[in-house]
Amino acid sequence: MSYDSNNIFARILRQEIPCKKIHENNFGLAFHDINPKAPIHALVIPRGAYTSSLDFHEKASTEEITGFYRFVSDVVRLLDLPEKGYRLLSNHGTAAGQEVPHYHVHIFGGKPLGPMLKES
Ligand code: 5GP
């Protein structure tokens, strides 16, 4: 999948559309999900143009990868989640339900989160 530079998160990074920002640094930007699925539902995105976790893990530099995942943990601490518990999730592709083709990590918390996947 090639990167679409007009995807919604690329536009948020360029400040063309607003977001409820939680934190940012040279490696990433964190903001609240527009349609939260838990009392705390944050999205963390790298600044670079990567379509998903696979793309990021295979193509980003070691510095970007380390910087980004440290940033994810900074956000977890800012949201006061380490003691309470939280879940990280990232979707790749249609079967997983990925809607936005810019790599992002969801952070869920603020209530008991239940089973990892919905029982069918
Ligand atoms: P995905 O399904 O790709 O893993 O998750 C995309 C997430 O982005 C969804 O949870 C959706 O609610 C969120 N989202 C989509 N558009 C926007 C937006 O314009 N602003 C924010 N803050 N979140 C968005």
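My aim in this report is to walk through the structure given alongside it, one point at a time. Model, not experiment: these values are computed from the prediction.

What about the overall build of the chain?
On a plain count of helices and strands, the chain comes out with 3 helices and 5 strands. For the chain, the α and β elements follow one another from N to C terminus as α-β-β-β-α-α-β-β. On C-alpha atoms alone, the chain measures out to a radius of gyration of 14 Å, which is about the 14 Å that the 2.2 N^0.38 rule sets for 120 residues. Considered along the principal axes of its C-alpha atoms, the chain spans approximately 35 × 35 × 30 Å. Taking all 120 residues of the chain together, 38% fall into the buried category. Once local pairs closer than 6 in sequence are excluded, the contacts in the chain between residues at least 24 apart make up 56%.

Let's talk about unusual backbone geometry
In this structure, Gln15 is a non-glycine residue whose phi angle is positive, near 60°. Along the polypeptide, Gln15 turns up in the loop between α1 (8–13) and β1 (21–24). For Asp80, which is not glycine, the phi dihedral falls at a positive 65°. You can see Asp80 is positioned in the loop between α3 (62–78) and β4 (86–89). On the basis of relative accessible area, Asp80 is assigned to the partly exposed category, the value being 47%.

What to know about the pattern of salt bridges
Scanning the entire structure with this criterion turns up 6 salt bridges. A salt bridge links Asp55 to Lys59, with the nearest nitrogen and oxygen atoms 2.8 Å apart. Taken together, the positions of Asp55 and Lys59, both in helix α2 (residues 53–59) and 4 residues apart, correspond to about one turn of that helix. Exposure remark for Lys59: the relative accessible area of 61% places this residue in the exposed category. Its salt-bridge partner being Asp80, residue Lys84 comes within 3.2 Å of it at the nearest N-O pair. Judged by relative accessible area, which is 60%, Lys84 ranks as exposed. When salt bridges that share partners are traced, they join Arg11, Arg14 and Glu16 into one network.

Rules of the game
Residues numbered from 1 in each chain as written. Predicted model: local features only at pLDDT ≥ 70, side-chain atom pairs only at ≥ 80, totals over all residues. Heavy atoms only, no water. Helix = DSSP H or I, 4+ residues; strand = E, 2+ residues; numbered from the N terminus. Rg over C-alpha atoms; globule rule 2.2 N^0.38 Å. Buried < 20%, exposed > 50% of the residue type's maximum accessible area, 1.4 Å probe, protein only. Contact = heavy atoms within 4.5 Å. Salt bridge = Lys/Arg side-chain N within 4 Å of Asp/Glu carboxyl O.

So yeah, pure geometry; function would need other evidence.
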